[in-house]
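Report on the structure
Here are the chains, one letter per residue:
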Amino acid sequence: MKLIINGEEREFDNSFSIEQILDKLQIKDKAMAMAVNMEIVKKDKWNEFVPNDGDKIEILQFVGGG
């Protein structure tokens, strides 16, 4: 399965939920918001939402600083 994650093409062997993808990318605790094909996916749906091949995913993270 190919996904475009934050503009970068990624290849996965299987279909995974958004939550599993975040685990594999080791950013689960940093992700605050998620959009798949420009549609927001609520955090309480991440464990059941499985993107399709070719989907574009944007992962938003909040960072501190100033």
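Description of the structure in this document. These numbers were taken from a predicted model, which means no experiment stands behind them. Starting from 1, residues in each chain are numbered consecutively following that chain's sequence as written. pLDDT decides what is reported in this predicted model: residues at 70 or higher carry local features, side-chain atom pairs at 80 or more are listed and counted, and totals for whole chains, interfaces and linings draw on all residues regardless. The side-chain numbers reported here are obtained from all heavy atoms of the structure, hydrogens and water having been left aside.

1. Concerning the overall build of the protein chain
A helix here means a DSSP run of H or I that spans at least four residues, while a strand means a run of E at least two residues long, and both kinds are numbered starting from the N terminus. Of regular secondary structure, the protein chain possesses one helix and five strands. Restricting the calculation to C-alpha atoms gives the radius of gyration, and the globule rule supplies 2.2 Å times the number of residues raised to the power 0.38. Here the C-alpha radius of gyration of the protein chain, 11 Å, is about what a compact globule of 66 residues would show, namely 11 Å. Across its three principal directions, the C-alpha atoms of the protein chain cover 40 × 25 × 20 Å. When burial is assessed residue by residue, the protein chain has 32% of its 66 residues classed as buried. Any pair of residues with heavy atoms lying within 4.5 Å of one another is described as a contacting pair. Here the contacts in the protein chain between residues at least 6 apart in sequence split such that 55% fall between residues at least 24 apart. We call a residue buried when its accessible area falls under 20% of the maximum for its residue type, exposed when it is over 50%, and partly exposed in between, using a 1.4 Å probe and counting protein chains only.

2. A word on the pairing of strand 5 (residues 56-61)
The rule for pairing is simple: two strands pair if DSSP sees at least two bridges between them. Where strand 1 (residues 2-5) meets strand 5, two bridges bridge the pair, whose relative direction is parallel. The residue bridging Ile-4 from the neighbouring strand is Lys-56, located in strand 5.

3. A word on the nonpolar core
Nonpolar side chains in soluble globular proteins generally cluster together in the buried interior. Residues Ile-5, Leu-22 and Ile-59 are the most contacted members of the largest nonpolar core, which totals 17 residues. Of all the secondary structure elements, the ones that give two or more residues to this core are strand 1, helix 1 (18-24), strand 3 (31-36) and strand 5. Excluding residues that lie within four positions of it along the chain, Ile-59 makes contacts with Ile-5, Asn-6, Leu-22, Leu-25, Ile-27, Ala-31, Ala-33 and Met-34. Side-chain atoms within 4.5 Å link the members of a nonpolar core, which is a set of buried Ala, Val, Leu, Ile, Met, Phe, Trp, Tyr and Cys residues.

4. What about the side chain of Asp-55?
With respect to the helices, strands and loops of the structure, Asp-55 is situated in the loop between strand 4 (39-40) and strand 5. Within this scheme the basic residues Lys and Arg register as positive and the acidic residues Asp and Glu register as negative, but His and the chain ends are omitted. The term salt bridge refers to a pairing of a side-chain nitrogen on Lys or Arg with a carboxyl oxygen on Asp or Glu at a separation within 4 Å. The charged side chain of Asp-55 is buried without a salt bridge, its nearest counter-charge being Lys-56 at 9.6 Å. Separated by 2.7 Å, the side chain of Asp-55 and the backbone nitrogen of Asn-52 make a polar contact. For this analysis, a polar contact is any N or O atom pair within 3.5 Å, provided that within protein one partner can donate a hydrogen and the other can accept it, and provided that sequence-adjacent residues contribute only side-chain to side-chain pairs.

5. Focus on the environment of Ile-18
Counting through the fold element by element, Ile-18 comes out in helix 1. When the C-alpha positions of Ile-18 and Lys-45 are compared, they lie 8.6 Å apart, and in sequence the two are 27 residues distant. Residues within four places of Ile-18 in sequence aside, it is in contact with Met-34, Val-36, Val-41, Trp-46, Phe-49 and Pro-51.

6. A word on the sheet that holds strand 3
The five strands are arranged 2-1-5-3-4 in an open sheet whose pairing can be described as mixed. With one partner strand each, in any of the chains shown, strand 2 (8-11) and strand 4 form the two edges of the open sheet. Judged from the two bridges that link them, strand 3 and strand 4 form a sheet pairing that is antiparallel. Bridging across to strand 4, Val-36 finds its partner in Glu-39.

7. Notes on the side chain of Ser-17
The residue Ser-17 is located in the loop between strand 2 and helix 1 in this model. Setting aside anything within four residues of it in sequence, one finds Ser-17 in contact with Trp-46, Asn-47, Glu-48, Phe-49 and Val-50.

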